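Examining the three-dimensional arrangement
So the chains spell out like this:
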Amino acid sequence: MVKEMLTGNYAAAWGARLADVDYVPAFPITPQSEIIEVLSKWINGGAMDAIFTNMDSEHSMITAAGTASATGTRVFSATSSQGLLYGFEMLYNIAGWRAPLVMINVSRAVSAPITLEPDHNDILSARDTGIIQIHTETCQEVLDTILMAYRISEDERVLLPVLINMDGFYLSFTREPVLIPDKNEVKGFLPEYAPRHAFFKASEPMAQGVAVLGGSAYSYFKYQLHLASLNAIEVYNEVASEFKGVFGRSYPAIEGFMMEDATYVLIMSNSFTIKGKAALKVFREKGIKVGLLRLRLIRPFPNSELKRLLSKKKAAAIIDQNISPGSGGILFKDVSAALYHETHRPEVLLSFVGGLGGKDISPEEFNYIIDVMKKSVDTGVVPETQILYTENDMRQMNKLLKVAGKTTD
Amino acid sequence: MFRFDRVALSNVGAVSQTVLFRKARLGNGPYRKIQIHNMKKKGIIKRIRFHGRGGQGMKTASRIVGTAAFVEGYYAQDFPVYGAERRGAPIMAFTRVSDAPILERGIIVQPDINIIADETLLDDNAANVLQGTGSGTITIVNTHYGSSHVKENYSLNGEVATVDITELVLKIINKPALSSVAAASACKLTGMISKDTLKVAIVKELEYINLKKAVIDKNVEAALICFDNTPDCSNIKIKHPEGYVENKVVSLEYAGPRVGSPSVYTMGNTITKKTGSWRLFKPAIDYDECSRCRACFVHCPHSCIAIDESGYPQIDYENCKGCFTCMDECPKDVISREREVRAW
């Protein structure tokens, strides 16, 4: 076991290497290209025994990933935003084929406007595809989650692809210390893929991904997919627990931070959570009892775990780094739906949208969130979705609008 | 000659290097003794921001510091921010070094150490290299001018020192690659990294980008000189504004399609951007020998050479980036390279 300074991308490449994957169909896109660059270097040099194929687009790449998995190989791939969206129809297909595989999405805000910085509209657009989604906060977590994801994906109670999200720039290009587990320890935790439902064998021919005509048949297979995804909650917990036993690192489906005596709770996800944790420490010093939940498992959505963690808390604020225009934050909907009938649900549930296109969520914005929470609890009046934008942001924007000839002053 | 302007930092006294040993536990492995310099209290964090142009080595500089800090046993985090990824475009790179887990990510808005590797960025509004400097910030500007010249022409907070690292690297490495020396300055200013560790980090990072041993050795040589000549500033107290800064959340109103859509109505202003400031060396044509073959004019990748009425090539020095394709293509070798030092 070795500790090294790795970028999130490099850590992801290590995850695939330790998982001993067989096939990597690839197509580059900022900010993930480094992942496939490193893998191609390793495979070409012999450090990894796998096949690497440059595809002509992400649509082909995702198709290749799913079909290769259906022949019984362990597959890894990576993409981001426009690339994920380019292959979108195939995401539904590979889940429908019940093809286990692990794919990294390096989150990047979706065009237009074009940007390279992160938010979560790309990964969350895939939430209805049937693919399991896990969101990470640190570079270490990226590596570790890949190993756990293959276990979950290939489990017979699941057999669904897994998308692991890592924030562009904040994780993908940021180096921090990462423990690279020992190859043999990983082999003990993650054995070879042994498919029983989909494989290529001349003596046992089968047809995969067959057409289905008729609602009863379609509904049957779709419900099975849904049940498989629900199973993944239990499988996730088992695998995470085993991972902790072997490697010593704990990754619950929802991470709790300073929750024991908390009255107010912030709910966040991905790498910006660290900003929430830093803000929390300041609030605690002022005597405000704030806790934080980090959503890690997004699909399937861990309803019971969420209900348990928010039970008897006074107020919760969900900070969505994504937006469904005309509606509001996406994860807010999952959280509210889970809590609707709960006797001890928080009396106040607030929705904040911030960090779009990688915009910072500043300490002042966290202050604002806490103020709104307190006011809502005191007055009983809960406002609609709040969008986070500051005076500084507006000042900068006005300058740009003027230069672009869009304002008259 | 390499010279480090000490005037601006005269209030810094010599700091005795208190050496402490600390056992560090790395995962499940054995305990390892590591040496930490100037450890006084827990919760030390140094935020370093590098400014440069793509190709000058600021990303590598941030990685050298990150690796050095990691090897010393600190928590470290480093990353670059590009915007448009091309040679010559302004870039920023960041390194955070701490004795406790780092609970921050993203751009360093208030640096403790601010390294400006390209003086022409001082005039670039988009690059904004002096933003966030506080009373405890140490800004190092790579220029042949003294620090008073910087202070007179630009508004910034904190201390300023100037150092001509371009001259240093041209002399020792024979290339304007600033990564190792910029890293050396930053490492010394943190007061947390030793010369030996810096050397290890430089070798590691430059090997990673496939530089030859001879080049790496020269980088180390230049870096160690820079390290020795950078004053130890670990005594300077950081006085950044605490926590809350007046910056309210505003309510956004609908602005209409002409304002609220990502489009531009003014004429393109690229023509006002003079890229001649990127040069370190200037091409000069010997018109006595020039045979007017037009090879330089044809090959200039930036269309910076025009042919005058007499048929001679004229270089647009306002925009010439000093790539020397013209010099490489000239069949008579009448184009020469002159070192050019910025005049403000």
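Residues numbered from 1 in each chain as written. Chains lettered and ligands numbered in written order. Predicted model: local features only at pLDDT ≥ 70, side-chain atom pairs only at ≥ 80, totals over all residues. Heavy atoms only, no water.

The next subject is the sheet that holds strand 6 (residues 132-135) of chain A. Residue and element names in this part refer to chain A. The five strands lie next to each other as 4-5-7-6-12, forming an open sheet whose pairing is mixed. Both outer strands of the open sheet, strand 4 (76-79) and strand 12 (297-299), are each paired with one neighbouring strand and no more. Each adjacent strand pair in this sheet contributes to an overall mean axis angle of 25°, direction not counted. Sheet analysis places strand 5 (residues 102-107) next to strand 7 (residues 162-167), joined by six bridges and oriented parallel. By the bridge assignment for strand 7, Met103 is matched with Leu163. (Pairing = 2+ DSSP bridges. Helix = DSSP H or I, 4+ residues; strand = E, 2+ residues; numbered from the N terminus. Axes fitted to C-alpha atoms, helices over the stretch in contact; angles between N-to-C directions.)

To continue, consider the side chain of A:Thr390. For A:Thr390, the location among the structural elements is in the loop between strand 15 (386-387) and helix 14 (391-403). Note on A:Thr390: relative accessible area 2%, which makes it buried. At 3.3 Å, the side chain of A:Thr390 forms a polar contact with the side chain of B:Asn247. Among all residues touching A:Thr390, those that are not within four sequence positions of it are A:Ser362, A:Glu365, B:Asn247, B:Lys248, B:Val249 and B:Val250. (Buried < 20%, exposed > 50% of the residue type's maximum accessible area, 1.4 Å probe, protein only. Polar contact = N/O pair within 3.5 Å; in protein donor to acceptor, adjacent residues only side chain to side chain. Contact = heavy atoms within 4.5 Å.)

All names here are of chain B. Take Pro90: it is sitting in strand 5 (residues 90-98). Using a relative accessible area of 28% as the deciding quantity, one classes Pro90 as partly exposed. In the structure, Pro90 is positioned 38 residues away from Asn128 in sequence and 9.7 Å away in space, judged by C-alpha atoms.

Residue and element names in this part refer to chain B. Look at helix 1 (residues 58-72) against helix 4 (residues 179-190): their axes get within 8 Å of each other, and the N-to-C directions meet at 45°. Comparing their axes, helix 4 and helix 1 come out oblique. The two elements helix 1 and helix 4 cross, and the hand of that crossing is right-handed. Where helix 1 abuts helix 4, its residues Met58, Thr60, Ala61, Ile64, Val65 and Ala68 lie against Ser179, Ser180, Ala182, Ala183, Ala186 and Cys187. (Parallel < 35°, antiparallel > 145°, perpendicular 65-115°, else oblique. Left-handed = near helix turned anticlockwise from the far one by under 90°.)

Let us look at unusual backbone geometry. Following A:Thr30, the chain continues into A:Pro31 via a peptide bond in cis, with omega recorded as 10°. With omega at 0°, the peptide bond leading from A:Ser111 into A:Ala112 counts as cis. Summarising the element assignment, A:Ala112 is placed in the loop between strand 5 and helix 6 (121-124). Positive phi, close to 25°, is recorded for A:Ser81, a residue that is not glycine. On the secondary structure map, A:Ser81 appears in helix 4 (residues 81-86). According to the relative accessible area criterion, A:Ser81 is buried, its value standing at 0%. A positive phi angle is found at B:Asn210, which is not glycine, with a value near 65°. Structurally, the position occupied by B:Asn210 is in the loop between helix 5 (195-208) and helix 6 (213-229). For B:Asn210, a relative accessible area of 67% corresponds to the exposed category.

Moving on: the confidence of the model for chain B. Residue and element names in this part refer to chain B. Averaged over all residues, the pLDDT of chain B equals 84, while 84% of them reach at least 70. With pLDDT under 50 throughout, residues 1-41 is counted as low confidence; its partners more than four residues away or in other chains account for 106 contacts. Among the scores for the predicted complex, ipTM is 0.91 and pTM is 0.90. (pLDDT = per-residue confidence, 0-100.)

To continue, consider the pairing of strand 6 (residues 113-116) of chain B. Within a regular beta strand, the side chains point alternately toward one face of the sheet and then the other, so they alternate between its two faces. All names here are of chain B. The two faces of strand 6 match: Ile113 and Ile115 on one face and Asn114 and Ile116 on the other face are all buried. Across four bridges, strand 3 (residues 45-53) lies against strand 6 in parallel orientation. Within the sheet, the bridge partner assigned to His51 lies in strand 6 and is Ile116. Sheet topology places strand 6 next to strand 7 (residues 138-142); four bridges connect them, and they run parallel. Its bridge partner being in strand 7, Asn114 is matched across the sheet by Thr139.

A separate point is the interface of chain B and chain A. Taken residue by residue, the interface counts 41 residues in chain B and 42 residues in chain A. Regarding the contact of chain B and chain A, the summed buried area is about 3600 Å², with carbon and sulfur atoms giving 59% of it. Sorting the residues of chain B by area buried against chain A places B:Leu103, B:Arg105 and B:Val249 first, and these three jointly supply 23% of that buried surface. Our count for the contact surface shared by chain B and chain A stands at four salt bridges. Close ionic contact of B:Arg105 with A:Glu176 constitutes a salt bridge, the shortest N to O distance being 3.0 Å. At the junction of chain B with chain A, the criterion picks out 19 residue pairs in polar contact (both at pLDDT 80 or more). Of all the secondary structure elements, the ones that give two or more residues to the side of chain B that touches chain A are helix 1, strand 4 (75-81), helix 5 and helix 7 (257-260) of chain B. For the side of chain B that touches chain A, the leading source of residues is strand 4 of chain B, giving five residues. Of the residues that constitute the side of chain B that touches chain A, the class distribution is 18 nonpolar, 13 polar and 10 charged. (Buried area = accessible area lost by both parts, 1.4 Å probe. Salt bridge = Lys/Arg side-chain N within 4 Å of Asp/Glu carboxyl O. Nonpolar A, V, L, I, M, F, W, Y, C, P; charged D, E, K, R; others polar.)

It helps to recall that an α-helix has 3.6 residues per turn; residues three or four apart then point in one direction. Residue and element names in this part refer to chain B. Of all the eight residues making up helix 3 (residues 165-172), six are buried; the element is thus mostly covered by neighbouring parts of the structure. Within helix 3, burial applies to Ile165, Thr166, Leu168, Val169, Leu170 and Ile172. Summarising the contacts, the buried residues of helix 3 are in contact with strand 7, strand 8 (159-163), helix 4, helix 6, strand 9 (281-285) and strand 12 (335-339). Phi turns positive, to about 70°, at Asn174, one or two residues after helix 3.

All right, on to the nonpolar core then. Membership of the largest hydrophobic core comes to 98 residues, with the highest contact counts inside it found for A:Phe76, A:Ile104 and A:Leu306. Core analysis: the next-biggest nonpolar cluster, separate from the first, contains 49 residues, B:Ala68, B:Ala223, B:Cys226 and B:Phe227 among them. (Core = buried A, V, L, I, M, F, W, Y, C linked by side-chain atoms within 4.5 Å.)

This next bit is on helix 10 (residues 273-285) of chain A. Residues and elements named next belong to chain A. In this model helix 10 runs 19 Å from its N-terminal to its C-terminal C-alpha over 13 residues, within 8% of the 18 Å that 1.5 Å per residue would give. Where helix 10 is concerned, the buried positions are Thr273, Ile274, Lys275, Gly276, Lys277, Ala279, Leu280 and Phe283. Looking at the packing, one finds that the buried side of helix 10 touches strand 9 (254-257), strand 10 (264-269), strand 11 (290-295) and helix 13 (363-379). Immediately beyond the C-terminal end of helix 10, within one or two residues, lies Gly287, with a positive phi of roughly 90°. (Expected span 1.5 Å × (residues − 1).)

For the rest of this paragraph, the subject is the pattern of salt bridges. In this structure the tally under the stated criterion is 37 salt bridges over all chains. A salt bridge links A:Arg196 to A:Glu156, with the nearest nitrogen and oxygen atoms 2.7 Å apart. Of this pair, A:Arg196 sits in the loop between helix 8 (183-189) and helix 9 (215-247) while A:Glu156 sits in the loop between helix 7 (139-154) and strand 7, and the two are 40 residues apart along the sequence. For A:Arg196, a relative accessible area of 65% gives the class exposed. In this structure, the salt-bridge partner of B:Glu205 is A:Arg175, at a minimum N-O distance of 3.0 Å. Linking B:Glu205 in helix 5 with A:Arg175 in strand 8 (residues 175-180), this pair reaches from one chain into another. Take B:Glu205: its relative accessible area is 4%, and that puts it in the buried class. Classification of A:Arg175 as buried rests on a relative accessible area of 3%. Several salt bridges converge on common partners, so that one network encompasses A:Glu137, A:Glu141, A:Glu255, A:Lys277, A:Arg294 and A:Arg296.

What follows is about the pairing of strand 11 of chain A. Residues and elements named next belong to chain A. Burial of strand 11 is extensive: six of the six residues sit out of reach of the surface. The alternating pattern of strand 11 places Val290, Leu292 and Arg294 and Gly291, Leu293 and Leu295 on opposite faces, both of which are buried. Note: strand 9 against strand 11, four bridges, orientation antiparallel. If you follow Glu255 over to strand 11, its bridge partner there is Arg294. Pairing of strand 10 with strand 11 involves six bridges; the strand directions are parallel. Bridging from a neighbouring strand, Met268 pairs with Arg294 of strand 11. Taken together, strand 10, helix 10 and strand 11 form a β-α-β motif whose crossover is right-handed. (Right-handed = clockwise from strand over helix to strand, strands pointing away.)

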